[in-house]
Amino acid sequence: MDERYYSFSYFCKKTFGRKLYRVALDAHMTCPNRDGKIDTRGCIFCSKKGSGEFAISFDGQQLEKSDFIYNHDDGKEGDYIAYFQAYTNTYAPIERLRRLYTSVLDNPNFQGISIATRPDCMDDAVIALLKELKEKYPNKFFMVELGLQTIHKDSSTYIRRGYELEIFEECMDKLKDLDIHVVVHVILGLPNESKEMMLETIRYLNKQPIHGIKLQLLHYLKDTDLGDAYNQKKEEFHVLSFEEYIDIVVTCIQELRSDIVIHRLSGDGKKDDVIAPQWAFDKKKVLNTIRHTLKERDIVQGKAYEA
Ligand code: SF4
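In this text, all values refer to a predicted model and were calculated from it rather than measured experimentally.

Asker: What is the right way to look at the site of the ligand in this model?
Answerer: Near the ligand you find Cys31, Asn33, Arg34, Gly42, Cys43, Phe45, Cys46, Tyr87 and Arg118, and these make up its full shell. Of the residues assigned to the shell around the ligand, the class counts are 5 nonpolar, 2 polar and 2 charged.

Asker: Would you take a moment to explain the packing of aromatic side chains for this structure?
Answerer: The geometry of an aromatic ring pair comes down to the distance between the two centres and the angle between the two planes. Summed over the entire model, instances satisfying the criterion amount to 15 aromatic pairs. Residues Tyr230 and Phe237 carry aromatic rings whose centres are separated by 5.8 Å and whose planes lie at 70 degrees to one another, so their mutual orientation is edge-to-face. When sorted by exposure, Tyr230 lands in the same class as Phe237, which is buried. Measuring from centroid to centroid gives 5.5 Å for Phe242 and Trp279, while their planes differ by 80 degrees, and the two rings are edge-to-face. Of this pair, Phe242 sits in helix α8 (residues 242-255) while Trp279 sits in the loop between β10 (274-276) and α9 (283-296), and the two are 37 residues apart along the sequence.

Asker: In this structure, what is going on with the packing of helix α2 (residues 94-105) against helix α3 (residues 124-136)? I would like to understand it.
Answerer: Helices that pack against each other are described as a pair by the angle of their axes relative to one another and the distance between those axes. Viewed as axis vectors pointing N to C, α2 and α3 meet at an angle of 25 degrees, and their least axial separation amounts to 11 Å. As far as their axial angle goes, α3 and α2 are roughly parallel. Note that α2 runs across α3; the crossing there is right-handed. Contact residues: α2 offers Ile94, Leu97, Arg98, Tyr101, Thr102 and Leu105, while α3 offers Ala125, Val126, Leu129, Leu130, Glu132, Leu133 and Lys136. Looking at side-chain class alone, the contact of α2 with α3 contains 9 nonpolar, 1 polar and 3 charged residues.

Asker: Help me understand the pattern of salt bridges, please; the structure alone is not making it clear to me.
Answerer: Opposite charge on two side chains permits pairing when their charged atoms draw close. According to the stated counting rule, one finds 23 salt bridges in the structure shown. The shortest N-O distance in the salt bridge between Glu196 and Arg203 comes to 2.8 Å. Given a relative accessible area of 39%, Glu196 falls into the partly exposed group. Residue classification places Arg203 among the partly exposed positions, given a relative accessible area of 28%. Notably, a salt bridge pairs Lys233 with Glu236, separated by 3.8 Å at the nearest N-O pair. Through salt bridges that share partners, Arg18, Lys76 and Asp79 make up one connected network.

Asker: For this particular structure, what's the right way to read the pairing of strand β7 (residues 212-217)?
Answerer: The side chains of a regular strand alternate, residue by residue, between the two faces of the sheet. Counting buried positions over the 6 residues of β7 gives 6, a clear majority of the element. Both faces of β7 are covered, namely the face carrying Gly212, Lys214 and Gln216 and the face carrying Ile213, Leu215 and Leu217. Sheet topology note: the strand β6 (residues 181-188)/β7 ladder contains 6 bridges and is parallel. Bridge pairing links Val186 to Leu215 in β7.

Asker: Looking at this structure, I do not really get the nonpolar core. What am I missing?
Answerer: One broad trend across soluble globular proteins is that nonpolar side chains are buried collectively. Membership of the largest hydrophobic core comes to 72 residues, with the highest contact counts inside it found for Tyr101 and Phe168. Looking at this core, the element that brings in the most residues is α8, giving 8 residues. In contact with Phe168, other than residues within four places in its own chain, are Pro119, Leu146, Leu148, Tyr163, Val184, Tyr204, Leu205 and Gln208. The next biggest cluster of nonpolar side chains, apart from the first, holds 14 residues, and it includes Cys43, Ile44, Leu190 and Ile275.

Asker: Would you take a moment to explain helix α1 (residues 8-16) for this structure?
Answerer: Helical geometry note: an α-helix holds 3.6 residues per turn, so side chains three or four residues apart project in the same direction. Among the residues of α1, Phe8, Phe11, Cys12 and Phe16 are the ones counted as buried. Burial along α1 is one-sided: seen end-on, the buried residues are contained in an arc of 100 degrees. The secondary structure elements touched by the buried residues of α1 are β1 (21-26), β3 (80-84), β4 (110-117), β5 (141-149), β6 and β9 (261-264). Positive backbone phi, approximately 80 degrees, marks Gly17, located one or two places after α1.

Conventions we followed
Residues numbered from 1 in each chain as written. Predicted model: local features only at pLDDT ≥ 70, side-chain atom pairs only at ≥ 80, totals over all residues. Heavy atoms only, no water. Near = heavy atom within 4 Å. Nonpolar A, V, L, I, M, F, W, Y, C, P; charged D, E, K, R; others polar. Phe/Tyr/Trp six-rings, centres within 6.5 Å; stacked < 30°, edge-to-face > 60°. Buried < 20%, exposed > 50% of the residue type's maximum accessible area, 1.4 Å probe, protein only. Helix = DSSP H or I, 4+ residues; strand = E, 2+ residues; numbered from the N terminus. Axes fitted to C-alpha atoms, helices over the stretch in contact; angles between N-to-C directions. Parallel < 35°, antiparallel > 145°, perpendicular 65-115°, else oblique. Left-handed = near helix turned anticlockwise from the far one by under 90°. Contact = heavy atoms within 4.5 Å. Salt bridge = Lys/Arg side-chain N within 4 Å of Asp/Glu carboxyl O. Pairing = 2+ DSSP bridges. Core = buried A, V, L, I, M, F, W, Y, C linked by side-chain atoms within 4.5 Å. Arc of directions from axis to C-beta.

See below:
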């Protein structure tokens, strides 16, 4: 490992011999938290675009490199992962999912596919489809990204996640034989969560058969219920300071099993949409300070877990 943590870029170099880049897609899905099946309001922090602000509108068309809005000019054909990011990307009729997934798996620009979804939207038909596609495209890389955010019941109720922890465990059980890289999203800085509570989420995930994690700083976004609540009563919220976030992240890294790939260590909000914290925009500074602090405290990933 060339860094003190197992980064996604290191994982890609080790696994594929090169760096891979995600191309975020918005396949115009919806979500049971939005269409009324569970709720109509969405998770309290979720933007109107279903957390797919930077995603390209996609309906199965042939994507050329020139279509990617990202500045990944150094990437070549086959250096990309099609990332179904916006909303819940297994929440559609199976035939539609098969068509969308197949269109990127057939595209030589993409080495693989990453599907962001919810554990309660991974029914047997979706699992069977993933199994079928895994067999049909043995050389492609498959990832599923699950929005867990927290293991704490009060927090999950507050954010209106809409499913219980047992559902996550059942989903992990279904996925474990598929040889799919499972990434779990965790939010750091949820209201009323202490550092210890966040670490409890990490320790819980250490015991699950996951392959990757995204540690995301909570962003208070415009036009979300959380952003509105914050604007109305700022004094009731504790927004993490830069120093607090760095301390929490490096402690999470220290606690995290060393084979879990870290896909993200910061937030990913659109500058115009973020109300707080404003310091989060300087991603370079956040990442550099995390690296510096890891070195200063002599932390490597899993140091506390292995001890
Ligand atoms: S499950 Fe995802 S897409 Fe649905 S409301 Fe929550 S964050 Fe948004």
